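# Fold and geometry: a report
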Amino acid sequence: MPEVLDYLEYREFLRDWFVETKKDNPFTSYRYLGQKTGVDPAWLVRVFQKEGHLNEGTLPTFIRLCGLDDRRAEYFKTLYRFNKTKAKQALSELYYRLMELRSLEMRVLSEPEMAFFGSWACAALRSLIGLTKDTSNVAELATHLNPPISQDEARSALEILKRLGLVVSDGKNGWNITDKVVSTGGEVKSQAVRSFHRRTLELAQESLDRHNTDERDISSVVFTAEAEDLPEIKHRIEEFRRGLMQFTNKSEKPDRVYALNISMFPLSDRVEDPATGKEEESK
């Protein structure tokens, strides 16, 4: 069944839940669901197509039908309000509440664990272990990173992963990854994290010469916006990142480790009475 915590649109979750439920029970239909919830079947079709919304009074029934626990039920109700509101301040507050509820599902690193971010190799090696069958030869794994790292760097990165419990022995002299998602828990102001971001941005620069265009995607966009729009812009970036992770987590045969950097920063001071600007994009 779909995981509601992976969604930023409650109607998409309900649609996917309905599709999966029909696979297990072919007798499930819009009419059946309408009888269970008191919602007109024709309106359910429109809701699943994102052409309308449920009545808030029906949410407890859907929560019960979907078998959501307390945290996921709160997430679902918050998501409902998030999808319906148009007020910028409310959008920002509801979004951060959604992220709080989601973060409980992640492995959030504490300050002593920030050694993980001391080198890009830790994250890359961990991901490579996750898709490699034979992980017993750390030196060989080091050669498969791009750019390659030394044996000493690989052993050091592996020791950090072991110490943090992010990899465990597979019983065959190799390693398996543990927690699937690693997060700093939001915008952690740590020198180690800043160094990690700085190095991955440097790798992105090097990729311009190291990789062919069919192996990478590096683009830039320059735009104008109101300062008050910043929470919504950051929300859209977060939604894109999580949507991409949700998509890649479904890969049946992943065969390569990738890094994605999304950078947004001011290119000017604030202007008191700004003129309308046009977007400029380059690749």
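Higher on the page you've got the structure.
Notes on the structure follow.

With that settled, consider the overall build of the chain. Counting its regular elements, the chain contains 11 helices and 6 strands. For the chain, the proportion of its 283 residues judged to be buried stands at 34%. Contacts in the chain between residues at least 24 apart in sequence constitute 63% of all its contacts with a sequence separation of at least 6. Carbon together with sulfur atoms contributes 49% to the accessible area of the chain, which is approximately 18600 Å² in total.

On the surface, a nonpolar cluster with roughly 490 Å² of combined accessible area is contributed by Phe240, Leu244, Phe247, Leu260 and Ile262. Positionally, Ile262 belongs in the loop between α11 (230–248) and β6 (280–282).

With that settled, the discussion passes to the packing of helix α7 (residues 120–131) against helix α9 (residues 151–163). For the pair α7 and α9, interaxial distance at closest approach is 9 Å and the crossing angle is 80 degrees. In terms of orientation, α7 and α9 fall into the roughly perpendicular class. Of the residues in α9, those in contact with Ala121, Cys122, Leu125, Arg126 and Ile129 of α7 are Ala154, Ala157, Leu158, Ile160 and Leu161. Residue composition of the contact of α7 with α9, by class: 9 nonpolar, no polar and 1 charged.

In this section: the pattern of salt bridges. Summed over the entire model, instances satisfying the criterion amount to 14 salt bridges. Put simply, Glu74 and Arg97 hold a salt bridge, and the shortest N to O gap is 2.6 Å. A residue pair is termed long-range when its members are at least 10 positions apart, and Glu74 in helix α5 (residues 70–84) and Arg97 in helix α6 (residues 88–103) qualify at 23 residues. Residue classification places Glu74 among the partly exposed residues on the basis of a relative accessible area of 32%. Take Arg97: its relative accessible area is 29%, and that puts it in the partly exposed class. For the salt bridge of Lys162 with Glu159, the shortest nitrogen-to-oxygen distance reads 2.9 Å. Here Glu159 and Lys162 lie together in helix α9, a separation of 3 residues that amounts to about one turn. Three or more residues joined by partner-sharing salt bridges are found here, namely Glu3, Asp69 and Arg72.

Moving on, we get to α9. A rise of 1.5 Å per residue sets the reference length of α9, with its 13 residues, at 18 Å; its end C-alpha atoms lie 18 Å apart and thus fit the reference within 8%. Inspection of α9 places Ala154, Ala157, Leu158, Ile160 and Leu161 among the buried residues, and these make up the whole buried set. For α9, the angular spread of the buried residues around the axis is 160 degrees, confining them to a single face. For α9, exposure combined with an orientation more than 90 degrees from the buried face picks out Asp152 and Arg163. Each element contacted by the buried residues of α9 is listed here: α7, α8 (138–144), β2 (167–169) and β3 (175–177). Phi turns positive, to about 70 degrees, at Gly165, one or two residues after α9.

A full pass over the atoms with the stated rule returns 8 aromatic pairs. Both rings, one in Tyr7 and one in Phe13, keep their centres 5.6 Å apart while their planes meet at 70 degrees; by these two values the pair is edge-to-face. Aromatic pair Tyr10 and Tyr80: ring centres 5.2 Å apart, planes at 65 degrees, arrangement edge-to-face. Here Tyr80 lies in helix α5 and Tyr10 lies in helix α1 (residues 10–24), a separation of 70 residues in the sequence. The buried category is assigned to Tyr10, whose relative accessible area is 0%. An aromatic cluster is defined as three or more aromatic residues linked by ring pairs; in this entry it consists of Tyr7, Tyr10, Phe13, Phe76 and Tyr80.

A word on unusual backbone geometry. In this model, Asn146 is joined to Pro147 through a cis peptide bond whose omega is 5 degrees. Position of Pro147 relative to the elements: it lies in the loop between α8 and α9. Although it is not a glycine, Lys50 adopts a positive phi angle of roughly 60 degrees. When you line up the elements, Lys50 lands in the loop between α3 (41–48) and α4 (59–66). Relative accessible area serves as the criterion here: at 39%, Lys50 is assigned to the partly exposed category. One non-glycine residue, Asn173, lies in the positive phi region at around 70 degrees. For Asn173, the location among the structural elements is in the loop between β2 and β3. Classification of Asn173 by relative accessible area gives exposed; the value is 68%.

Scoring rules and cut-offs
Residues numbered from 1 in each chain as written. Predicted model: local features only at pLDDT ≥ 70, side-chain atom pairs only at ≥ 80, totals over all residues. Heavy atoms only, no water. Helix = DSSP H or I, 4+ residues; strand = E, 2+ residues; numbered from the N terminus. Buried < 20%, exposed > 50% of the residue type's maximum accessible area, 1.4 Å probe, protein only. Contact = heavy atoms within 4.5 Å. Areas by Shrake-Rupley, 256 points an atom, 1.4 Å probe, with all protein chains shown as cover. Patch = residues over 30% accessible without salt bridge, like charges linked within 9 Å, V, L, I, M, F, W, Y side chains within 5 Å. Salt bridge = Lys/Arg side-chain N within 4 Å of Asp/Glu carboxyl O. Axes fitted to C-alpha atoms, helices over the stretch in contact; angles between N-to-C directions. Parallel < 35°, antiparallel > 145°, perpendicular 65-115°, else oblique. Nonpolar A, V, L, I, M, F, W, Y, C, P; charged D, E, K, R; others polar. Expected span 1.5 Å × (residues − 1). Arc of directions from axis to C-beta. Phe/Tyr/Trp six-rings, centres within 6.5 Å; stacked < 30°, edge-to-face > 60°.

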